[in-house]
Amino acid sequence: MNIKSLKLRNFRNYKQLDLEFAPHINILVGNNAQGKTNILEAIYLLAAAKSFRASKESEMIKHNEISSLISGKIQRDAVHKLEITISNIAVKSIKCNTKETQQKEFVGNFNVVLFSPEDLSLIKGSPGQRRRFMDLEISQVNAGYRSLLADYQKILVHRNSLLKDIAHKNKYEKMLEVWDEQLIEVGTRLMVQRAEMIYKLGLLSRLIHRKLSNNQEELILRYSPFYAENNEQLDYDYQTIKSRFSYALAEEKPFELLRGYSLVGPQRDDFIFLINQLDAKRYASQGQQRTAVLSCRLAELEYMKSETGRYPVILLDDVMSELDELRKKYLLKLLDKKVQTIITTTDISDFEPELLQNASVFFVESGQVTERR
Ligand SMILES: Nc1ncnc2c1ncn2[C@@H]1O[C@H](COP(=O)(O)OP(=O)(O)OP(=O)(O)O)[C@@H](O)[C@H]1O
Ligand SMILES: [Mg+2]
């Protein structure tokens, strides 16, 4: 799959941008703060319907403008047009082939894997970040999961508001049982899929990490459901999860009734990176963590390929400067696979002349892009 063209209107520092990408290697070159990452952010948005860095969507609208348009043509069997409009005065609009769609139908049309300098936060950051990673990873390849996730979120909202009512008024307790059942059923199905994804991604990551670390390190990804204690290894079949979930819910119920919201469920899940059996968050060095994340990202490519039959588009933000020769080489080897890659750099001499010959090169300067001819 690849992105053929990108159109931006009033997005970040771009008043107007129309780009055509090469099917293989695309290099965005420019000094700091010129708008390279902004282009990757726009492409990512077309895949995930969310930014990887904006905390508020309105941040992405060009200063002093009212709305922002991000539109792309994606080649996947046929050509599809994806379009997002973010506005200060209206709700976000998401379209696929000019038809208004919901987020859960939009995601999955176009898949990307992003490597960026902030990637370390996948290990160091909060469990919430890792849950978002799991959700996006599975959502990109599995429509069933996107529906389940939306259902679960609705159930959680209803159940929380009922818990609040009960806490205040001391009634409706019977009604809660119906929501309990749904929470457990839908939540369990979500968790089974998360466990499965982390298992598959973990196998792939381990193989890659072995090579990246010269056979020195063993990387393990381990799913850590909300009821896990001490990073223990558990069974993740439907029945086991369901009974642990029910048990945890029964135990926490009195506290939920006191506090007025749900205390157990996959909204509290996590997963961990173990390097040579130790929790990487606590014990690994910066370099080890960086390598582990890189292994995980490279594994994502293979995971998506195995789930959908196609490689996603790779977005590499400023990664060359952070990697040593061995890892750089390994990363660039990827480009042999003919996966479409869009890579940013401040220094074009990071790349061999031979590679540059086969690439489309774009010069980025204060919100203007010119292509090398
Ligand atoms: N909403 C916005 N409206 C206008 N300009 C914006 C907006 N948001 C960000 N910018 C501008 O975009 C520029 C940063 O763009 P970007 O992050 O893409 O830079 P970059 O080329 O990736 O730089 P670096 O090499 O430092 O990573 C900054 O100059 C910033 O002021
Ligand atoms: Mg940048």
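So, how was this worked out
- Residues numbered from 1 in each chain as written.
- Chains lettered and ligands numbered in written order.
- Predicted model: local features only at pLDDT ≥ 70, side-chain atom pairs only at ≥ 80, totals over all residues.
- Helix = DSSP H or I, 4+ residues; strand = E, 2+ residues; numbered from the N terminus.
- Buried ≥ 20, exposed ≤ 12 C-beta atoms within 10 Å, placed from the backbone.
- Contact = placed C-beta atoms within 7 Å.
- Pairing = 2+ DSSP bridges.
- Axes fitted to C-alpha atoms, helices over the stretch in contact; angles between N-to-C directions.
- Domains from an automatic or database assignment.
- Nonpolar A, V, L, I, M, F, W, Y, C, P; charged D, E, K, R; others polar.
- Parallel < 35°, antiparallel > 145°, perpendicular 65-115°, else oblique.
- Left-handed = near helix turned anticlockwise from the far one by under 90°.
- Core = buried A, V, L, I, M, F, W, Y, C linked by C-beta atoms within 7 Å.
- Expected span 1.5 Å × (residues − 1).

Draft legend 1. Just the overall build of the protein, in detail. A tally of regular secondary structure across the protein gives eleven helices and 15 strands. For the protein, the C-alpha atoms occupy an extent of roughly 70 × 55 × 35 Å along the three principal directions. Among the 373 residues that make up the protein, the fraction classed as buried is 39%. Restricting the contact set of the protein to residue pairs at least 6 apart, pairs at least 24 apart contribute 70%.

Draft legend 2. Up close: the sheet that holds strand β14 (residues 359-365). Spatially, the six strands line up as an open sheet ordered β8-β12-β13-β3-β14-β15, and their pairing is mixed. Only two strands of the sheet have a single neighbouring strand rather than two, namely β8 (112-115) and β15 (368-371). On average, each strand axis in the sheet is tilted by 20° relative to the strand beside it, whichever way the strands run. Most of the contacts of helix α9 (residues 286-308) go to β8, to which it runs at about 165°, and overall it touches β8 and β12 (313-317).

Draft legend 3. How the structure looks around the domain arrangement of the protein. What the domain assignment lists for the protein is domain 1 (1-111 + 310-373) and domain 2 (120-309). Its C-alpha centre places domain 1 at a distance of 29 Å from the equivalent point of domain 2. At the junction of the two partners, domain 1 supplies 14 residues and domain 2 supplies 17 residues. Secondary structure elements with two or more residues in the side of domain 1 that touches domain 2: α1 (36-48) and α10 (325-333). In the side of domain 1 that touches domain 2, the residues fall into eight nonpolar, two polar and four charged.

Draft legend 4. Main features of the packing of helix α6 (residues 173-212) against α9. Look at α6 against α9: their axes get within 8 Å of each other, and the N-to-C directions meet at 125°. Of the possible angle classes, the one that applies to α6 and α9 is oblique. Along this stretch, α6 crosses α9, giving a crossing that reads as right-handed. Residues K200, L201, L204, S205, I208, H209 and L212 of α6 lie in contact with α9, whose contacting residues are T291, A292, L294, S295, C296, L298, A299, E300, E302 and Y303. Across the contact of α6 with α9, the residue classes break down as ten nonpolar, four polar and three charged.

Draft legend 5. Fine view of the nonpolar core. Judged by nonpolar contacts, the single largest core of 92 residues is most densely connected at I43, Y44, V112, A292 and L315. The residues that make up this core include at least three from each of domain 1 (1-111 + 310-373) and domain 2 (120-309). Contact partners of I43, with chain neighbours within four places excluded, come to I3, L6, G72, V112, L315 and I342.

Draft legend 6. Spotlight on unusual backbone geometry. For N10, which is not a glycine, the phi torsion comes out positive at approximately 50°. Mapped onto the secondary structure, N10 falls in strand β1 (residues 2-11). Positive phi, normally seen in glycine, also occurs at N215, with a value near 65°. Tracing the backbone through its elements, the reader meets N215 in the loop between α6 and β9 (219-224).

Draft legend 7. Geometry of the pairing of β15. Two elements, β14 and β15, share four bridges in a ladder whose sense is antiparallel. What sits directly across from F362, in β15, is E371. Linkage of β14 to β15, two consecutive antiparallel strands, is achieved through a turn of two residues, within which S366 is found at a positive phi near 30°.

Draft legend 8. Structural view of α9. The end-to-end C-alpha separation of α9 is 33 Å, in line with the 33 Å expected for 23 residues at 1.5 Å each. At the C-terminal side of α9, G309 shows a positive phi close to 85°.

Draft legend 9. How the structure looks around the environment of R132. With respect to the helices and strands, R132 occurs in helix α4 (residues 127-141). Looking at R132, the number of C-beta atoms within 10 Å reads 16, which means it is partly exposed.

Draft legend 10. Spatial organisation of the packing of α4 against α6. With their axes 10 Å apart at the nearest point, α4 and α6 run at an angle of 90° to one another. The orientation of α4 relative to α6 falls into the category roughly perpendicular. Within the contact between the two elements, α4 uses M134, E137 and I138 and α6 uses Q193, R194 and M197. Of the residues in the contact of α4 with α6, the class split is three nonpolar, one polar and two charged.

Draft legend 11. Main features of the sheet that holds strand β2 (residues 14-20). Read across the sheet, six strands follow the order β2-β1-β4-β5-β6-β7 without closing on themselves; strand pairing throughout is antiparallel. The open sheet terminates on both sides in strands that have one partner only, identified here as β2 and β7 (99-100). Sheet topology note: the strand β5 (residues 78-87)/strand β6 (residues 93-96) ladder contains four bridges and is antiparallel. Bridge pairing in β6 links L82 to C96.

Draft legend 12. Region of the structure containing the environment of I220. Tracing the backbone through its elements, the reader meets I220 in strand β9. Put simply, I220 and S205 are 15 residues apart on the chain and 7.6 Å apart in space, counted from C-alpha to C-alpha. With sequence-adjacent residues up to four places away left out, I220 is seen in contact with G202, R206 and L274.

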